[in-house]
Amino acid sequence: MEEFRKEKNESIIEGRNVVIEAFRSGQSVDRLYILDGCQDGPVRSILREARKRDTLIKFVSKEKLDSLSSHEKHQGVVAIAAAYEYATV
């Protein structure tokens, strides 16, 4: 069983709309966790965007998503993204 470890340079993105917007804005998403068995329209759109970018996709249980989520309102979708890098002047 995969153990989740949040790196300090990663951020958690929760919820269908937020995750799809992260993909569409070009944010680097490393891993995508989807509720096992969830295949409705919005989730299919998210999966399509993730596959275009070769994002690691894992189908997991609700308990796993709840453990990744900070407020358990993930709508069946949690993404782990690289944090923004700030440029120095």
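Residues numbered from 1 in each chain as written. Predicted model: local features only at pLDDT ≥ 70, side-chain atom pairs only at ≥ 80, totals over all residues. Heavy atoms only, no water.

### Here we look at the overall build of the protein chain
The criterion, for reference: Helix and strand labels come from DSSP, where a helix needs a run of H or I of at least four residues and a strand needs a run of E of at least two; each type is numbered from the N terminus. Per-residue accessibility, obtained with a 1.4 Å probe over protein chains only, is compared with the maximum for each type, and a residue is labelled buried under 20%, exposed over 50%, and partly exposed between these values. We call two residues contacting when some pair of their heavy atoms lies within 4.5 Å. Only the protein chains shown count as cover for residues, and all accessible areas are computed by the Shrake-Rupley method using a 1.4 Å probe.
Tallying secondary structure elements over the protein chain gives three helices and four strands in all. Taken from N to C terminus, the helices and strands of the protein chain fall in the order β-α-β-α-β-α-β. In the protein chain, buried positions account for 40% of the 89 residues. Put simply, of all contacts in the protein chain between residues at least 6 apart along the chain, 75% involve residues at least 24 apart. Only carbon and sulfur atoms are counted for the fraction: they give 48% of the accessible area of the protein chain, which is about 5900 Å².

### Concerning the pattern of salt bridges
The test is simple: Every case where a carboxyl oxygen of Asp or Glu lies within 4 Å of a side-chain nitrogen of Lys or Arg is listed as a salt bridge.
As enumerated under the stated definition, the model contains five salt bridges in all. Among the salt bridges present, the one from R31 reaches E10, with a minimum N-O distance of 3.3 Å. Placement of the pair is R31 in strand β2 (residues 29–35) and E10 in strand β1 (residues 10–14), with a sequence separation of 21 residues. Judged by relative accessible area, R31 falls into the buried class, the value being 16%. E10 gets classed as buried once you look at its relative accessible area, which sits at 10%. One salt bridge in this structure joins R16 and D40, with 2.6 Å as the shortest N-O distance. Linking R16 in helix α1 (residues 16–24) with D40 in the loop between β2 and α2 (41–52), this pair joins segments that are 24 residues apart in sequence.

### Points about the environment of L56
Following the sequence through the fold, L56 ends up in strand β3 (residues 56–60). When its relative accessible area of 42% is taken as the criterion, L56 is described as partly exposed. For the pair L56 and L32, spaced 24 residues apart in sequence, the C-alpha to C-alpha distance is 6.1 Å. With residues up to four places along the chain from it excluded, the contact list for L56 reads D30, R31 and L32.

### What to know about the pairing of β3
As a reminder, the rule being used: Note on pairing: two strands pair once DSSP finds at least 2 bridges between them. Seen with its strands pointing away from the viewer, a crossover is right-handed if its path from the first strand over the helix to the second goes clockwise.
The pairing of β2 with β3 spans five bridges and is classified as parallel. Across the sheet, Y33 pairs through a bridge with K58, a residue of β3. Chirality of the crossover, the property in question, places the unit of β2, α2 and β3 among those that are right-handed.

### Overview of α2
Cut-off, in case you're wondering: Helices are assigned an expected span. That span is 1.5 Å times one less than the residue count.
Its 12 residues place the ends of α2 17 Å apart at the C-alpha level, agreeing with the 16 Å of an ideal helix rising 1.5 Å per residue. Where α2 is concerned, the buried positions are V43, S45, I46, L47, E49 and A50. Taken together, the buried residues of α2 touch α1, β2, β3 and β4 (77–82). One or two steps after α2, the chain reaches D54, where phi turns positive at roughly 55 degrees.

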